[in-house]
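Chain by chain, the residues:
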Amino acid sequence: MVQLLNDKGFWKTALKLAIPVAIQNTLVSSFNLADTLFVSSLGDIALSSVGMAGQWSWLMTMVIFGICSATGMFVSQYWGAKNKKEIHVTLGISLLSAVVVTGIFAASGIILPDAVMGMFNRNKEIVLTGSSYLSVVAWAYPGIGITDVLSEVLRSTENPKLPMYISAMTTVSNIFLDYCMIFGRFGFEKMGVKGAALATVISTWTGVVMIIFISVVQKNILITSLRRVFGFHWKRVFVFYKKALPVILNETLWGGGTFLFNLIFSNMGYEYFASMTILKTFENVAFVFFIGLCSACSVMIGKSSGSGKIERGIEDAKRFSVIIPMFAVFVGILIIIFRSQLVSIFNMGNNISSVTMETAKAIMLIYACEMPVRMLPYVHVVGVFRSAGDTVTAAKFDLTSLWLMSLPATAFSVYVLKVPFIAAFVIMYVFEDYFKVFLCIRHFKSLKWIKPVTPQGKKGLQEYLKSRGGTVVD
């Protein structure tokens, strides 16, 4: 194992890609953390309402993440093959897809906010507060989709710094606007949760304008003729979605399954859901480093697969499969030690109930212990299998463990066995993660996940198999 990790070239490339992405996601999480902290000062009702409304945007984000995952797989492989034309075609298809998806979610949130909120809770006060937030924040959705696609293309072409800078700018502006619009500072009207939503809209669209403006100045990979980006033949859309659809369905259905988990938990009591909102906020913060490493993994393996350097891709995949779970152990220990202090941050105004606070501490402990188990299939599914071209198997593993095991087990435990919230939370994790770990390790060892989309990659795979006697071996 020491020899496997003792590769200076690997660490230089991995850290060059991972650190800016980790910083960017730290900033994005800080963006959300600021919203949650400011809103938490308004009490349990406001915190729970905004958390429930946020689930609608989270479901949308899962669909966009599926589009971006497929985009990253194509772009990183085309980048390895030095094919800029196909990168721009992929960019056009992805942008149109993201605008359509975010437009549907935005229209639902703007036109039917009460109906969306009613799916989570029937408490009139929560529905009213959440609707006032959702009907405004939904205007940011298309901007989120556009930013995510542009950022994915930049990261996949080994330019992760610009998305990082844009996130820094939008985070600072969002925190300032949150403070002004929620509490009525510096001449702004005091708007409460609606102010938090408006701050998000302004910050998001400012980020879209800036990433385009800076790209024009830099003349980076995003800048080319509109005809080259959007003048693709519809047959090319079929090629994209043949690979992308399993990823999009995977993330959409995974997001839909998690959406149902939230419905189950939200109807167990708004105080429990408020504790979930606290956990999710810190989960996003803790997760940023794994996103950075996984993004580096995806780019490096995709580039190796696309350029035909198959053996290098396999070795890097092994390295990431060791590094990420080890790092998860370290992060989990830190969360266990400091969970009380972390949770107490949300009760600076003493408006959060003791039930919410104690529940948040308990589920944070569970999450910390479970983290190393969750991270291994995460890096395999998102970082290794997809980037190498195997989008179908990854989807099977994710959806089987969620829809056929975890979701039925959790629903049965809540509605039939009437278990308490903490027990249901543990059941959700256990039934999703452990079977998926087994499936991922077995598939990883088979090497059947190597499925390049470029001519160079396919040729490199044939040569690799030939050097191994014509068969894939462990």
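In what follows, the structure referred to is the one given above.
Residues numbered from 1 in each chain as written. Predicted model: local features only at pLDDT ≥ 70, side-chain atom pairs only at ≥ 80, totals over all residues. Heavy atoms only, no water.

Chemist: Would you mind going over the nonpolar core with me for this structure?
Modeler: The nonpolar side chains of soluble globular proteins are, as a tendency, buried together. Ranked by internal contacts, the top residues of the largest apolar core, which has 73 residues, are Phe320, Met371 and Trp449. It is helix α14 (residues 354-385) that provides the largest number of residues to this core, a total of 16 residues. Here Met371 is in contact with Ala286, Phe290, Ala328, Val331, Gly332 and Ile335, once residues within four sequence places are set aside. Counting 66 residues, the second-largest nonpolar core is a separate cluster that includes Met73, Val127, Ile221 and Val229. (Core = buried A, V, L, I, M, F, W, Y, C linked by side-chain atoms within 4.5 Å. Buried < 20%, exposed > 50% of the residue type's maximum accessible area, 1.4 Å probe, protein only. Helix = DSSP H or I, 4+ residues; strand = E, 2+ residues; numbered from the N terminus. Contact = heavy atoms within 4.5 Å.)

Chemist: Is there a simple way to think about the packing of helix α3 (residues 44-80) against helix α12 (residues 270-307) in this case?
Modeler: When two helices pack together, you describe them by how their axes are tilted relative to each other and by the distance separating the axes. Where α3 contacts α12, the two axes come as close as 11 Å, and the packing angle between them is 5°. Considering the angle they form, α3 stands roughly parallel to α12. Residue composition of the contact of α3 with α12, by class: nine nonpolar, twelve polar and three charged. (Axes fitted to C-alpha atoms, helices over the stretch in contact; angles between N-to-C directions. Parallel < 35°, antiparallel > 145°, perpendicular 65-115°, else oblique. Nonpolar A, V, L, I, M, F, W, Y, C, P; charged D, E, K, R; others polar.)

Chemist: Explain the environment of Ile441 to me, please; I cannot follow it from the model alone.
Modeler: Among the secondary structure elements, Ile441 is positioned in helix α16 (residues 421-446). Taking relative accessible area as the criterion, Ile441 reaches 33% and is therefore assigned partly exposed. In this structure, the C-alpha to C-alpha distance between Ile441 and Gly43, residues 398 residues apart in sequence, is 44 Å. Among residues more than four places away in sequence, those in contact with Ile441 are Leu376 and His380.

Chemist: Help me understand a nonpolar patch on the surface, please; the structure alone is not making it clear to me.
Modeler: Taken together, the side chains of Leu245, Leu249, Leu253, Leu260, Trp403 and Leu404 make up a nonpolar region of the molecular surface, amounting to roughly 520 Å² of accessible area. For the nonpolar patch, the secondary structure elements donating two or more residues are α11 (234-266) and α15 (391-415). With four residues, α11 is the largest single contributor of residues to the nonpolar patch. Turning to its location among the elements, Leu404 is positioned in helix α15. By relative accessible area, Leu404 is classed as exposed at 64%. (Patch = residues over 30% accessible without salt bridge, like charges linked within 9 Å, V, L, I, M, F, W, Y side chains within 5 Å. Areas by Shrake-Rupley, 256 points an atom, 1.4 Å probe, with all protein chains shown as cover. Salt bridge = Lys/Arg side-chain N within 4 Å of Asp/Glu carboxyl O.)

Chemist: When you look at the side chain of Ser97 in this model, what are you seeing that I'm missing?
Modeler: Structurally, Ser97 can be placed in helix α4 (residues 84-111). The exposure class of Ser97 is buried, given its relative accessible area of 10%. Non-local contacts of Ser97, meaning those with residues more than four positions away in its chain, are made with Ile67 and Tyr241.

Chemist: Where do I start with helix α6 (residues 124-137) in this structure?
Modeler: Residues lying three or four places apart along an α-helix face the same way, a consequence of the helix completing one turn every 3.6 residues. Here α6 contains 14 residues, and its C-alpha end-to-end distance of 20 Å stays within 8% of the 20 Å for a straight helix at 1.5 Å per residue. Along α6, the positions that sit buried rather than exposed are Ile126, Val127, Thr129, Gly130, Ser131, Tyr133, Leu134, Val136 and Val137. (Expected span 1.5 Å × (residues − 1).)

Chemist: What should I look at first to understand the pattern of salt bridges in this one?
Modeler: Pairing between side chains of opposite charge can happen when their charged atoms approach one another. Under the definition given, this model contains twelve salt bridges. With its nearest N and O atoms 2.7 Å apart, the salt bridge here joins Arg236 to Glu86. In this pair, Arg236 is assigned in helix α11 and Glu86 in helix α4, connecting sequence segments 150 residues apart. Residue class for Arg236 comes out buried when judged on its relative accessible area of 11%. Classification of Glu86 as buried rests on a relative accessible area of 19%. Between Glu432 and Arg374 there is a salt bridge; the shortest N-O distance is 4.0 Å. One end of the pair, Glu432, is in helix α16; the other, Arg374, is in helix α14, with 58 residues separating them in the sequence. For the pair Glu432 and Arg374, one class covers both residues: buried.

Geometric descriptors of this kind do not, in isolation, establish any biological role.
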